[in-house]
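As a plain string of letters, each chain reads:
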Amino acid sequence: MGNRVAREDFEWVYTDQPHADRRKEILAKYPEIKSLMGPDHRLKWIVCMMVAIQFLAFYLVKDLDWKWVLFWTYAFGSCINHSMTLAIHEVSHNTAFGNNKAMWNRYFAMFANLPIGLPYSASFKRYHLDHHRYLGGDGVDVDIPTAFEGWFFCTRFRKFIWIILQPLFYAIRPLCINPKPISQLEVINLTVQLTFNVLLYWLWGAKPVVYMLAGSMLGMGLHPISGHFIAEHYMFLKGHETYSYYGSLNLLTFNVGYHNEHHDFPSIPGRRLPLVKKIAAEYYNDLPQYTSWVKVLYDFIMDDALSPYSRVKRKLKGEVKQE
């Protein structure tokens, strides 16, 4: 558990990200893919159902013993809450109501945020679009770990701790890498979320609040679904910076595993990404891919060649337009 990772820096490249060129090539060959773009009208109803399920869970856990509160927090609440963060990811691409109703998407994301407990949706939107536009961009893409993370979490045990603490690093990293002025939507998101949290405590006590907040933290830490954080862009194979996952957990995560397809076509809802792979199969079948996020987590911890440094980074050229 004490072996140190040999890598001492990120994988610096001097080429553009591959997704824009592949998108142009695929659209030239398969223009029908454009018909897959646009909102997924089922998404808002699925999100409403998930929010309602968590509200029911809040009511049910209020009278349980603490041991059962903690059990259901990890066994159920963490799965739903992580899935809700990926619903917010979907909505950030305007797939609930379409581009013509952008603000409807923003406020609907705040509604989806309620059972997560942490004000997340407004800030996520601002930084996530930068991640797509400037994948691996030094000082812009906050999905890339800080140099401290790469330097310190360099042994198997420390990588294990790093995975547990991922929610903390995702919260702090934007402040270190690319701080932005607080927006009005972020203030509204914070106000709405804190009001909801206080009302939940006032109505049903501390147990639903613990179930909610701990479920979010556990679900985004050492959890099978959180394997997607590592699987998406960590460089398991030199020269490849985005990887897709084609396993069953896509059913709970709005097909976020179809990550090459998503970065190639971010305006296509997750539900339709398998159709992209089916239509343009020759572009995706031979790319490195995963079938188990649990194995991704295990390999990341145990492989001494992998660490938070295992990310492709690039210096950005020209004008950088951020959200």
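This structure is a prediction, so every number in the text was calculated from the model and none was measured.

1. Overview of the overall build of the chain
The helix and strand tally for the chain stands at 15 helices and four strands. Compactness check: the chain gives a C-alpha radius of gyration of 20 Å against a globular reference of 20 Å for 323 residues, within 12% of the reference. Taken along its principal axes, the extent of the C-alpha atoms in the chain is 55 × 50 × 40 Å. Taking the contacts inside the chain whose residues are at least 6 apart along the sequence as the reference set, 80% of them involve residues at least 24 apart. For the chain, the accessible area works out to roughly 15300 Å², and carbon and sulfur atoms hold 65% of it. Considering the chain, the positive charge centre built from 34 side chains and the negative charge centre built from 28 side chains are found 4 Å apart.

2. Observations regarding the pattern of salt bridges
Oppositely charged side chains can form a pair if their charged atoms are brought close together. Summed over the entire model, instances satisfying the criterion amount to 16 salt bridges. In this structure, the salt-bridge partner of R126 is E186, at a minimum N-O distance of 2.8 Å. Pair noted here: R126 is in helix α5 (residues 121-133) and E186 is in helix α9 (residues 184-204), with a separation of 60 residues, a long-range link. One exposure class covers both R126 and E186, and it is buried.

3. Some remarks on the UniProt feature "transmembrane region" (unreviewed entry) in the chain
Here the UniProt feature "transmembrane region" (unreviewed entry) sits at residues 43-61, 68-87, 107-124, 187-204 and 210-231. As annotated, residues 68-87 has a helix share of 100% and a strand share of 0%, and its two end C-alpha atoms lie 27 Å apart. As a span, residues 187-204 carries 100% helix and 0% strand, and end to end its C-alpha atoms are 26 Å apart.

4. Let's talk about the side chain of E232
Along the chain, E232 falls in helix α11 (residues 227-233). This buried residue, E232, is left without a salt bridge; R311 holds the nearest opposite charge, at 7.3 Å. Not counting chain neighbours up to four residues away, the residues in contact with E232 comprise E241, T242, Y243, V256 and H259.

5. Remarks on the packing of α5 against α9
Two numbers describe how α5 lies on α9: the axes approach to 7 Å, and their chain directions differ by 145 degrees. Side by side, α5 and α9 meet where S121, A122, S123 and R126 of the first sit next to L185, E186 and N189 of the second. Broken down by class, the residue content of the contact of α5 with α9 amounts to two nonpolar, three polar and two charged.

6. Quick look at the environment of D299
Looking at the secondary structure, you find D299 in helix α15 (residues 293-302). Between the alpha carbons of D299 and F236 there is a distance of 9.2 Å; along the sequence they are 63 residues apart.

7. Structural notes on the environment of V192
Relative to the helices and strands, V192 is located in helix α9. Each C-alpha atom of the pair V192 and P119 lies 8.4 Å from the other, and the pair is 73 residues apart in sequence.

8. Examining the nonpolar core
Judged by nonpolar contacts, the single largest core of 38 residues is most densely connected at V47, M84, W162, I230 and F300. For this core, the secondary structure elements donating two or more residues are α2 (43-61), α3 (66-92), α4 (102-113), α7 (156-164), α11 and α15. Looking at this core element by element, the count peaks at six residues for α3. In contact with F300, not counting residues within four places along its chain, are K159, W162, I163, I230, Y234, F236, L306, S307 and P308.

9. A short note on the UniProt feature "domain: Sphingolipid delta4-desaturase N-terminal" (unreviewed entry) in the chain
Mapped onto the present numbering, the UniProt feature "domain: Sphingolipid delta4-desaturase N-terminal" (unreviewed entry) falls on residues 5-43. With 31% helix and 8% strand, residues 5-43 has end C-alpha atoms that lie 42 Å from one another.

10. Focus: the packing of α4 against α9
The interhelical angle for the contact between α4 and α9, taken along N-to-C directions, is 30 degrees, at an axis separation of 10 Å. By the angle class used here, α4 and α9 are roughly parallel. Two packed elements cross with a definite hand, and for α4 against α9 that hand is right-handed. Residues M103, R106, Y107, M110 and N113 of α4 pack against L185, I188, N189 and Q193 of α9.

Cut-offs and rules
Residues numbered from 1 in each chain as written. Predicted model: local features only at pLDDT ≥ 70, side-chain atom pairs only at ≥ 80, totals over all residues. Heavy atoms only, no water. Helix = DSSP H or I, 4+ residues; strand = E, 2+ residues; numbered from the N terminus. Rg over C-alpha atoms; globule rule 2.2 N^0.38 Å. Contact = heavy atoms within 4.5 Å. Areas by Shrake-Rupley, 256 points an atom, 1.4 Å probe, with all protein chains shown as cover. Lys, Arg positive; Asp, Glu negative; His and termini not counted. Charge placed at Lys NZ, Arg CZ, Asp CG, Glu CD. Salt bridge = Lys/Arg side-chain N within 4 Å of Asp/Glu carboxyl O. Buried < 20%, exposed > 50% of the residue type's maximum accessible area, 1.4 Å probe, protein only. UniProt positions renumbered as here; feature names shortened; annotations may be inferred. Axes fitted to C-alpha atoms, helices over the stretch in contact; angles between N-to-C directions. Nonpolar A, V, L, I, M, F, W, Y, C, P; charged D, E, K, R; others polar. Core = buried A, V, L, I, M, F, W, Y, C linked by side-chain atoms within 4.5 Å. Parallel < 35°, antiparallel > 145°, perpendicular 65-115°, else oblique. Left-handed = near helix turned anticlockwise from the far one by under 90°.

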